[in-house]
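Okay, here's what each chain looks like letter by letter:
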Amino acid sequence: MPTSVPKLDLSPKLNRPLYLWNPFDYLLLLYWVFFFPQALRWYEEKWRSGKKLSDYKTWGEKWQFLQQHPQQLQLWIQGILLTLTVPFAMAKALELLGVNIY
């Protein structure tokens, strides 16, 4: 007799948008990127209303979309900040451990 396996709800238990000024949100975003990438898709779907950013073709349309959707704008800003700061922080940490960085 076949039994069905119940579906697991693996979506993050976050009931608020990510905030720019909360450092724990940056750590959460890094965790999602490296260990739980489907959470990024879930977050975008939960806080998105209507179309996606990729549906717009010109920079002007994309900028207007981001101005109308502050959660998406904050996610983009956090992503850019993490992309710029994490490599330098890792290089500094490795340098403090005695690894030569050129």
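These notes cover the structure that comes with them.

Rules used throughout
- Residues numbered from 1 in each chain as written.
- Predicted model: local features only at pLDDT ≥ 70, side-chain atom pairs only at ≥ 80, totals over all residues.
- Heavy atoms only, no water.
- Patch = residues over 30% accessible without salt bridge, like charges linked within 9 Å, V, L, I, M, F, W, Y side chains within 5 Å.
- Areas by Shrake-Rupley, 256 points an atom, 1.4 Å probe, with all protein chains shown as cover.
- Salt bridge = Lys/Arg side-chain N within 4 Å of Asp/Glu carboxyl O.
- Helix = DSSP H or I, 4+ residues; strand = E, 2+ residues; numbered from the N terminus.
- Buried < 20%, exposed > 50% of the residue type's maximum accessible area, 1.4 Å probe, protein only.
- Axes fitted to C-alpha atoms, helices over the stretch in contact; angles between N-to-C directions.
- Parallel < 35°, antiparallel > 145°, perpendicular 65-115°, else oblique.
- Contact = heavy atoms within 4.5 Å.
- Nonpolar A, V, L, I, M, F, W, Y, C, P; charged D, E, K, R; others polar.
- Expected span 1.5 Å × (residues − 1).
- Core = buried A, V, L, I, M, F, W, Y, C linked by side-chain atoms within 4.5 Å.

What follows deals with a nonpolar patch on the surface. A grouping of Tyr-31, Val-33, Phe-34 and Phe-35 is seen on the molecular surface, where their side chains present a nonpolar patch of about 480 Å² in accessible area. Positionally, Phe-35 belongs in helix H1 (residues 23–35). Given a relative accessible area of 64%, Phe-35 falls into the exposed group.

A few words now on the packing of H1 against helix H4 (residues 70–96). Between H1 and H4, the least distance of the axes is 11 Å, while the angle of their chain directions is 80°. One way to sum up the angle between H1 and H4 is to call them roughly perpendicular. Contact residues: H1 offers Asp-25, Tyr-26, Leu-29 and Leu-30, while H4 offers Leu-75, Gln-78, Gly-79, Leu-81, Leu-82 and Val-86. Here the contact of H1 with H4 is composed, by residue class, of seven nonpolar, two polar and one charged.

Our focus in this paragraph is the side chain of Gln-72. Along the chain, the position of Gln-72 falls in helix H4. In contact with Gln-72, other than residues within four places in its own chain, are Glu-44, Arg-48, Phe-65 and Leu-66.

Over its 27 residues, H4 runs 38 Å from end to end, which matches the ideal 39 Å to within 8%, given 1.5 Å per residue. For H4, every residue scored as buried is listed here: Gln-72, Leu-75, Gln-78, Leu-82 and Val-86. Count one or two residues on from H4 and you reach Gly-98, which has phi positive near 100°.

The full count for this structure, using the stated rule, is two salt bridges. Across the pair Arg-16 and Asp-25 runs a salt bridge, and its minimum N-O distance is 2.8 Å. Here Lys-92 makes a salt bridge to Glu-95, at a shortest N to O gap of 3.6 Å. In this pair, Lys-92 and Glu-95 both sit in helix H4, three residues apart, roughly one turn of the helix. For Lys-92, a relative accessible area of 46% gives the class partly exposed. Taking relative accessible area as the criterion, Glu-95 reaches 45% and is therefore assigned partly exposed.

This part takes up the side chain of Asp-25. Note on placement: Asp-25 falls in helix H1. Each residue touching Asp-25, except ones within four places of it in the same chain, is listed here: Arg-16, Pro-17, Leu-18, Tyr-19 and Gln-78.

Here we come to the nonpolar core. Leu-14, Leu-18, Tyr-26, Leu-29, Trp-32, Phe-36, Ala-39, Trp-42, Tyr-43, Leu-75, Leu-82 and Val-86 together form the largest nonpolar core, which totals twelve residues. Counting only elements with at least two residues in this core, the list comes to H1, helix H2 (38–47) and H4. Ignoring sequence-local partners within four residues, the contact set of Tyr-26 consists of Tyr-19, Leu-20, Gln-78, Leu-81 and Leu-82.

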